[in-house]
Amino acid sequence: MFANLINGEWVQSAHAIVNRNPSDLSDVIGEYASADRQQTLDAIAAARQAAPAWAATTPQQRFDILDRAGSEILARKEELGRLLSREEGKILAEGMGEVVRAGNIFKYFAGECLRQHGEVLDSVRPGIEVSITREPLGVVGIIAPWNFPIAIPAWKIAPALAYGNAVVFKPASVVPASSWALADILHRAGVPAGVFNLVMGSGREVGDVLLNAGLDGISFTGSQDTGKKVAAACLGSGSKFQLEMGGKNPLVVLDDADLKLAVEAAINGAYFSTGQRCTASSRLVVTAGIHDAFVEAMVSRLKTLKVGHALDISSHIGPVVDAGQLQQDLDYVGIATAEGGLLAYGGERLQAEKDGYYMSPALITGTHSQMRINREEVFGPVASVIKVADFEEALTIANDTPFGLVSGICTQSLKLATQFRRRAAAGMVMVNLPTAGVDYHVPFGGRKGSSYGPREQGRYAAEFYTTVKTAYVAA
């Protein structure tokens, strides 16, 4: 059994998480220790004890550890990519790409250890100097989702450690293998005992303890419902919190769009990574002049995609992560058609050589903005088409959502692209690009129901993982 990492020691537990390959349910990746409440409390206590010494380490010490971790992740990209694809279901090229991103994130934040900034100002009063510096929060709880099992933990853990915080990390139970591998790398890279703790397990046994322990900060990525619980708990305890809670992202396609480019952007954004991305293009908002040609081209392109085993190099789309998610995806296709949508392609469970959670990518046409398929996050290979008259209606529909993570447009008009970039009610905007696919050195996050708190990634990560101190000194 793969153990939890608590206070620098690998600790077993009485219960195990059985990790199965969604491409082949007979393939058991491993059994992973499921922490109980006491072990979670032990991890928190270890982090609290270790935090002051870690905060006092030099930037060079933290750089060396994070840089070593990043180097090992990159050196093992194929091995770790295969492991990721086996447990999560995204195809191997995507799995390896995610591992490379995680390695680059650690390299970036290694550099941030040496790029921390402050200010020195003269006071408005004579003979007084003012300094403004950033200090670590202290102990941070990190709760990560299953869809990016190494990249999302990396973009939370790396800045937390870089800015001098101790960490208690709870990964999603359905994908423990990548998180365990990351913990092993950090442990061997030299993170001191108690500074980084891995506690795999359920929301009840681990998550609730983290939320009610009065930690200095909680960084959470997951569903809106769970995000609300995180917020309520943190408000009660006074913990700083950061939430990323999904999206219902539009890709607007205007009459003047390059049809081939628009189709490729939609296919990539809506269906790659099996559509299991918070940045997925789940709403395709298409103006009337190009609508029919776009739908026809989408169906033709979908017919060329192979759904299959994640490790089969000929697969374009892997399986859905587990049985519950597969049923949710199929249910939403049924809801959409019951409300009047037309299933133009796919939307069925597929049988493969190996028993797994396979589904054909679904394209649903004839929908409108108030249908559930266009209001609620499906989180699977399902996209709907909304036909609109012109740019102004497209923009209105694009913004008509309780979410606000990312918004995209395909057009050859500089004027309309600029207007869309300025008026889109989203934290990120893509022009002639898929809505999914972001860089690790710039801020990530949204508006409205998608995000709460400071942005993740890049130098903006310091806004969450540090606190500002203003000091006045008489000269």
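1. Comments concerning the overall build of the protein chain
Step number 1: Counting its secondary structure elements, the protein chain contains 14 helices and 22 strands.
Step number 2: The C-alpha radius of gyration of the protein chain comes to 23 Å, within 12% of the 23 Å expected for a compact globule of 475 residues.
Step number 3: Taking the principal axes of the C-alpha coordinates as reference, the protein chain spans close to 70 × 60 × 40 Å.
Step number 4: Residue burial in the protein chain is summarised as follows: out of 475 residues, 57% are buried.
Step number 5: Partitioning the intrachain contacts of the protein chain with sequence separation of at least 6 by distance along the chain shows that 73% fall at a separation of at least 24.
Step number 6: Accessible surface for the protein chain amounts to roughly 18,400 Å². Of this, 52% is attributable to carbon and sulfur atoms.
Step number 7: Distance between charge centres in the protein chain, computed from 43 positive and 49 negative side chains, equals 3 Å.

2. Description of the layout of surface pockets
Step number 1: The calculated volume of the largest pocket comes to roughly 880 Å³.
Step number 2: As for the largest pocket, its lining consists of 35 residues, and the residues nearest its centre are F220, G222, S223, Q224 and T226.
Step number 3: Of all the secondary structure elements, the ones that give two or more residues to the lining of the largest pocket are α7 (203–211), β10 (217–221), α8 (224–237) and α11 (323–338).
Step number 4: Top contributing element to the lining of the largest pocket by residue count: α8, with six residues.
Step number 5: Partitioning the lining of the largest pocket into residue classes produces 13 nonpolar, 13 polar and nine charged.

3. Quick look at empty space enclosed by the protein
Step number 1: One pass over the structure, following the stated rule, counts three cavities of 30 Å³ or more.
Step number 2: Together, 13 residues line the largest cavity, and A280, S282, E377, V378 and F379 are the ones closest to its centre.
Step number 3: Of the residues in the lining of the largest cavity, the class split is five nonpolar, five polar and three charged.
Step number 4: Computed from the structure, the second largest cavity encloses a volume of approximately 60 Å³.

4. Thoughts on the sheet that holds strand β5 (residues 119–122)
Step number 1: Across the sheet, which stays open at both edges, the three strands sit in the order β5-β6-β22 with antiparallel pairing between neighbours. Edge positions in the open sheet fall to β5 and β22 (466–474), since each of these has one partner strand only. Neighbouring strand axes in the sheet, compared pairwise and without regard to direction, differ in orientation by 20° on average.
Step number 2: One ladder, built from nine bridges, connects strand β6 (residues 128–136) with β22; its direction is antiparallel. Across the sheet, I128 pairs through a bridge with A474, a residue of β22.

5. Let's talk about the packing of helix α3 (residues 77–88) against helix α4 (residues 92–113)
Step number 1: At a closest axis distance of 8 Å, the pairing of α3 and α4 adopts a crossing angle of 120°. Here α3 is positioned oblique relative to α4, judged by the angle of their axes. Crossing geometry of α3 relative to α4 is assigned as right-handed. Side by side, α3 and α4 meet where K77, E78, L80, G81, R82, L84 and S85 of the first sit next to L92, G95, M96, E98, V99 and V100 of the second.
Step number 2: Its residues assigned to classes, the contact of α3 with α4 comprises six nonpolar, three polar and four charged.

6. A few points about the packing of aromatic side chains
Step number 1: One pass over the full model with this rule turns up 11 aromatic pairs.
Step number 2: On the basis of an interplanar angle of 35° and a centroid distance of 5.1 Å, the ring pair of W10 and W180 is categorised as tilted. Within this pair, whereas W10 is found in strand β2 (residues 9–11), its partner W180 is found in helix α6 (residues 176–189), the two being separated by 170 residues in sequence.
Step number 3: Relative to F109, the ring of Y108 lies with its centre 5.0 Å away and its plane at 85°, an arrangement referred to as edge-to-face.
Step number 4: Judged by its relative accessible area of 16%, Y108 is buried.
Step number 5: Relative accessible area serves as the criterion here: at 1%, F109 is assigned to the buried category.
Step number 6: Here K90 stacks its cationic end above the ring of F148, 3.6 Å away from the centre of that ring.
Step number 7: Directly above the ring of Y108 sits R115, whose terminal nitrogen or CZ lies 5.3 Å from the centroid.

7. So, the state of the cysteines
Step number 1: The tally for this structure, following the rule as stated, stands at zero disulfides.
Step number 2: Just so you know, C234 is unpaired, no disulfide at all, and the nearest cysteine sulfur is the one on C278, 19 Å from it.
Step number 3: C234 gets classed as buried once you look at its relative accessible area, which sits at 1%.

8. Thoughts on the nonpolar core
Grouped burial of nonpolar side chains is what soluble globular proteins tend to show.
Step number 1: Judged by nonpolar contacts, the single largest core of 67 residues is most densely connected at F106, F109, I157, L161, L186 and F196.
Step number 2: Broken down by element, the residue count for this core peaks at nine residues, all from helix α5 (residues 151–162).
Step number 3: Once you skip the residues sitting within four places of it in the chain, L161 turns out to touch W54, R62, L66, V167, L186, V191 and V195.
Step number 4: Membership of the second largest hydrophobic core comes to 27 residues, among which are F272, L284, F294 and M298.

9. Observations concerning the pattern of salt bridges
Step number 1: Scanning all chains against the criterion turns up 17 salt bridges.
Step number 2: As a salt-bridge pair, E205 and R204 come within 3.7 Å of each other at their nearest N and O atoms.
Step number 3: According to the relative accessible area criterion, E205 is partly exposed, its value standing at 22%.
Step number 4: A salt bridge links E392 to R423; the nearest nitrogen and oxygen atoms lie 3.0 Å apart. Taken as a pair, E392 in helix α12 (residues 391–399) and R423 in helix α13 (residues 414–423) lie far apart in primary sequence, 31 residues in all.
Step number 5: Several salt bridges converge on common partners, so that one network encompasses E72, R76, E79, D184 and R188.

Cut-offs and rules
Residues numbered from 1 in each chain as written. Predicted model: local features only at pLDDT ≥ 70, side-chain atom pairs only at ≥ 80, totals over all residues. Heavy atoms only, no water. Helix = DSSP H or I, 4+ residues; strand = E, 2+ residues; numbered from the N terminus. Rg over C-alpha atoms; globule rule 2.2 N^0.38 Å. Buried < 20%, exposed > 50% of the residue type's maximum accessible area, 1.4 Å probe, protein only. Contact = heavy atoms within 4.5 Å. Areas by Shrake-Rupley, 256 points an atom, 1.4 Å probe, with all protein chains shown as cover. Lys, Arg positive; Asp, Glu negative; His and termini not counted. Charge placed at Lys NZ, Arg CZ, Asp CG, Glu CD. 1 Å grid on protein atoms, 1.4 Å probe; cavity = no way out; pocket = protein on both sides within 12 Å on 5 of 7 lines; lining within 4 Å. Points joined across faces, edges and corners; volume = space filled by probe spheres on them. Nonpolar A, V, L, I, M, F, W, Y, C, P; charged D, E, K, R; others polar. Pairing = 2+ DSSP bridges. Axes fitted to C-alpha atoms, helices over the stretch in contact; angles between N-to-C directions. Parallel < 35°, antiparallel > 145°, perpendicular 65-115°, else oblique. Left-handed = near helix turned anticlockwise from the far one by under 90°. Phe/Tyr/Trp six-rings, centres within 6.5 Å; stacked < 30°, edge-to-face > 60°. Lys NZ or Arg CZ within 6 Å of the ring centre and 35° of its normal. Disulfide = S-S within 2.5 Å. Core = buried A, V, L, I, M, F, W, Y, C linked by side-chain atoms within 4.5 Å. Salt bridge = Lys/Arg side-chain N within 4 Å of Asp/Glu carboxyl O.

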